[in-house]
Amino acid sequence: MWKGKAKATELTEADFDDLDPVITYRHLLSHNLGVKDPLRVVALCDSDAFYAACEQVRLKVDPAIPLVVRQWDSLIAVNYPARKFGISRMDKADDALKKCPELKVVHVATYKEGEKEPGYWDKPDTKTHKVSLDHYRRESVKIYNMFKEGLPGAEIEKASIDEAFVDFTRPVREKLMERYPYLSQPPTDAPDGLDTPLPPPPPISWDGLGTVIPTTPEPTDDNNEHSSTCEDDTLATWHDVALSMAAEMMGKVRVDIHSKLGYTTSAGIGRNKFLAKLTASYRKPNSQSILRNAAIPNYLKPMPFQKIRFLGGKLGKALAEEYDVKTVGDLLTISLEEMQRKFGENSIWVYEILRGIDRSDVKEKSAITKSMLASKNLPKPIVKTSEGHHWIRVLAAELALRLNEAREASPTLWPRTIVLHIRQGYQTSRSKQAAFPFVRNVTVDIIAAAGDKLWKELVGARDGAPGSMPFKVSSVQLSFTGIESMNAAQQSIEGFFKNRGSSDAEGSNLKRKREDDTSHSMDSDQAISELPTASFTCDRCRKRIHLPEALRDISLDEDIRAEALAALRTEHSDFHLAQELSKAPDKSSGGAKFRPNTPTRKKNKQKETSGITKFFSRQ
Ligand code: TTP
Ligand code: CA
Ligand code: CA
């Protein structure tokens, strides 16, 4: 199968052709193989037409009725019945109505000045209103909680507002031992003891478990759906058994989510995050697909590689131009050596991803959001300092709502800092921050007052000052950062130590990706700064931190990008925290996981990736 030349790396050939690894009792009985576990199973579950579904459920509309969610004149979500009319996110609302006159069009909720809560107003206007995603966030949390409740023992990582990764490795292992008790120890006469390979697996029935992606390519000229049972001549493996068990568990939760909350979802199940994500879109909506190891090569080969996350940008383009190729298969003939020579050492991650290798971990995020950000890009820029108040109040209302809602779960939540960030024209972006007092009852007034003060400090004497630049603010953001429970400082330090347990292989993989992303941004500073909110300057190290290329897409919703930037900020400040911690003397006696001699700086750069990576799944 895949043959890789693992020159100049710690990788061995086995890393590239392990689609059917020998699994021994030792593998099965080890509990900490992490991403190297040959029975690793990961799923990604994505909600179908999510915002549209949220509105359909909220309004109790028949799910068969075509429905879209609009934001100003654009569509941001289109349900599947509406897609049948050829309506897509690319359409303007009016054009969509022409395609389907009975289309139900719901404008996303908005904040307007003077209102504490977002609402579905009659004629929301981008000049005065601000989009609210609060309802979708709440529904998203409900779905996430159903995963948590329905899958005890599974690691679950919320990957975006409508997606979660689930690592099924542990619960599947438990089920394996329960269902096949003879696996709990090697036969007494086995010569190699624990290193004895497992006996052949029992036959698998895939009935009702989802669509099993075929191991041989489907003929392109027939569209018959004949692949839902696995009539493949490829021998079933224990990994296939593991996949089928995960599919069973995932199927149950998906049914539960549908019956209790009304949302349909699509899931992908495979050996790692990358493949799970790809597989989730194999068949939509309301279905789950399973990618057996044996099916990986033929599934990936015909795929246009520029569709793969991380390969959509400049690197993908460079590859396409260098080799005049389109598909993953076209790129497989390039040796690792050549790739690294032409595209740098770090391009090993491309080599791996093309072969379906992804060692990144499914990591549960802390339950507490560390920052909250409300932002508004102004279609009509502010030209007088006195006009700032309106937007600060609107943004303050959103922060108030979100903080108070979060306090329902953790009443002592306290944002240490409030930050006002403005963009003037296209070039300059400036921010000012202040400590935010701990107040029991945080109201719109309190936040707006703090915001107004920052506004004055930031732009106070700007308009009318002799010789000053014309005053023009094109975007305003108000955020809370450093959100913690009053007594949670201890916890967050513990959390940090816990996170360091990840394996080196995975860590270096993440790092490669990260470095690749940042290397793009170096020479294109000019272009980046033309986008709203694509980077920030760290107050502590004065470094400019850019969003990865995939998130600089101008068509992305402003809130999505703002959230991504907030995540990046939090992670960057975590990085400083981690650095400080690593300098501090190691007080804990059980600090074995934390090795002061590891290159902390590099390690924590990897950490920066984890939170921001989730935004790639939107692609
Ligand atoms: P997606 O999961 O990309 O799309 P979807 O859920 O609408 O449809 P699908 O069934 O194909 O998964 O995005 C989730 C939500 O995020 C979507 O409902 C609306 C929002 N969103 C935007 O606001 N702008 C965007 O550009 C994208 C891609 C999504
Ligand atoms: Ca979706
Ligand atoms: Ca999604």
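The name given to the protein in an unreviewed UniProt entry is DNA polymerase eta, with Jaapia argillacea MUCL 33604 as the source organism. The Subcellular location (unreviewed entry) field of the UniProt record for the protein holds the comment "Nucleus".

### Observations regarding the site of ligand 1
Lining the immediate surroundings of ligand 1 are 16 residues, of which Ala49, Phe50, Tyr80, Asp162 and Lys284 lie closest. With respect to ligand 1, the backbone of Tyr51 contributes an N or O atom lying 3.0 Å from an oxygen atom. Here an oxygen atom of ligand 1 sits 2.6 Å away from a polar atom, N or O, in the side chain of Tyr80. A total of 560 Å² of accessible area belongs to ligand 1 in isolation, and the protein chains cover 87% of it. Broken down by secondary-structure element, the contributors of at least two residues to the shell around ligand 1 are β1 (42-47), α2 (50-58), β3 (74-78) and α3 (80-83). Tallied by class, residues from the shell around ligand 1 come to seven nonpolar, one polar and eight charged.

### Brief notes about empty space enclosed by the protein
The gaps left among the atoms become clear once a water-sized probe is rolled over them. The final tally for this structure, using the stated rule, is three cavities of 30 Å³ or more. Its volume calculated, the second largest cavity comes out at about 70 Å³. Contributions of two or more residues to the lining of the second largest cavity are made by β1, α5 (134-150), β7 (155-160) and β8 (163-167). At four residues, the largest contribution of residues to the lining of the second largest cavity is made by α5.

### Some points on the pairing of strand β10 (residues 265-270)
The side chains of a regular strand alternate, residue by residue, between the two faces of the sheet. With six of six residues buried, β10 lies mostly within the body of the structure. Residue alternation in β10 divides its side chains into two sets, Thr265, Ala267 and Ile269 and Ser266, Gly268 and Gly270, and both sets are buried. Relative to strand β11 (residues 287-290), β10 runs parallel, the two being bridged by four bridges. Each bridged residue has a counterpart across the sheet, and for Gly268 the counterpart in β11 is Ser289. Between the parallel pair β10 and β11, the chain is carried across by helix α8 (residues 273-280), and the sense of this crossover is left-handed.

### A look at the sheet that holds strand β15 (residues 473-485)
In spatial order, the strands read β12-β15-β13-β14; together these four strands make up an open sheet with antiparallel pairing. Looking at which strands have only one partner, the edges of the open sheet turn out to be β12 (372-382) and β14 (428-435). Averaged over all neighbouring strand pairs, the angle between strand axes comes to 15 degrees, with direction disregarded. Here strand β13 (residues 413-424) runs beside β14; their pairing, made up of eight bridges, is antiparallel. Bridging across to β14, Thr417 finds its partner in Ala435. Most of the contacts of helix α14 (residues 388-409) go to β12, to which it runs at about 160 degrees, and overall it touches β12, β13 and β15. On the sheet, helix α15 (residues 444-459) packs against β12, β13, β14 and β15 and is oriented at approximately 40 degrees with respect to β13.

### Topic: the coordination of the calcium ion (ligand 2)
For the calcium ion (ligand 2), the protein coordination sphere consists of Asp46 (OD), Asp46 (OD), Ser47 (O) and Asp162 (OD), at 2.1 to 3.2 Å. Written as a sequence motif, the donor arrangement for the calcium ion (ligand 2) is D-S-x114-D.

### As for the side chain of Asn272
As for its position among the elements, Asn272 is in the loop between β10 and α8. A polar contact of 2.8 Å, which involves the side chain of Asn272, links it to the backbone nitrogen of Leu275.

### A few points about the coordination of the calcium ion (ligand 3)
Only Asp46 (OD), Asp162 (OD) and Glu163 (OE) from the protein coordinate the calcium ion (ligand 3), and they sit 2.2 to 2.4 Å from it. Between the calcium ion (ligand 3) and the calcium ion (ligand 2) the interatomic distance amounts to 3.5 Å, and Asp46 serves as a bridging ligand to the pair. With a gap of 117 residues between them, Asp46 in strand β1 and Glu163 in strand β8 connect regions that are remote in the sequence. Taking the relative accessible area as the measure of exposure, Glu163 reaches 5% and is therefore buried.

Conventions we followed
- Residues numbered from 1 in each chain as written.
- Chains lettered and ligands numbered in written order.
- Predicted model: local features only at pLDDT ≥ 70, side-chain atom pairs only at ≥ 80, totals over all residues.
- Heavy atoms only, no water.
- UniProt positions renumbered as here; feature names shortened; annotations may be inferred.
- Near = heavy atom within 4 Å.
- Polar contact = N/O pair within 3.5 Å; in protein donor to acceptor, adjacent residues only side chain to side chain.
- Areas by Shrake-Rupley, 256 points an atom, 1.4 Å probe, with all protein chains shown as cover.
- Helix = DSSP H or I, 4+ residues; strand = E, 2+ residues; numbered from the N terminus.
- Nonpolar A, V, L, I, M, F, W, Y, C, P; charged D, E, K, R; others polar.
- 1 Å grid on protein atoms, 1.4 Å probe; cavity = no way out; pocket = protein on both sides within 12 Å on 5 of 7 lines; lining within 4 Å.
- Points joined across faces, edges and corners; volume = space filled by probe spheres on them.
- Buried < 20%, exposed > 50% of the residue type's maximum accessible area, 1.4 Å probe, protein only.
- Pairing = 2+ DSSP bridges.
- Right-handed = clockwise from strand over helix to strand, strands pointing away.
- Axes fitted to C-alpha atoms, helices over the stretch in contact; angles between N-to-C directions.
- Contact = heavy atoms within 4.5 Å.
- Donors = N, O, S within 2.8 Å, 3.2 Å for Na, K, Ca; no water.

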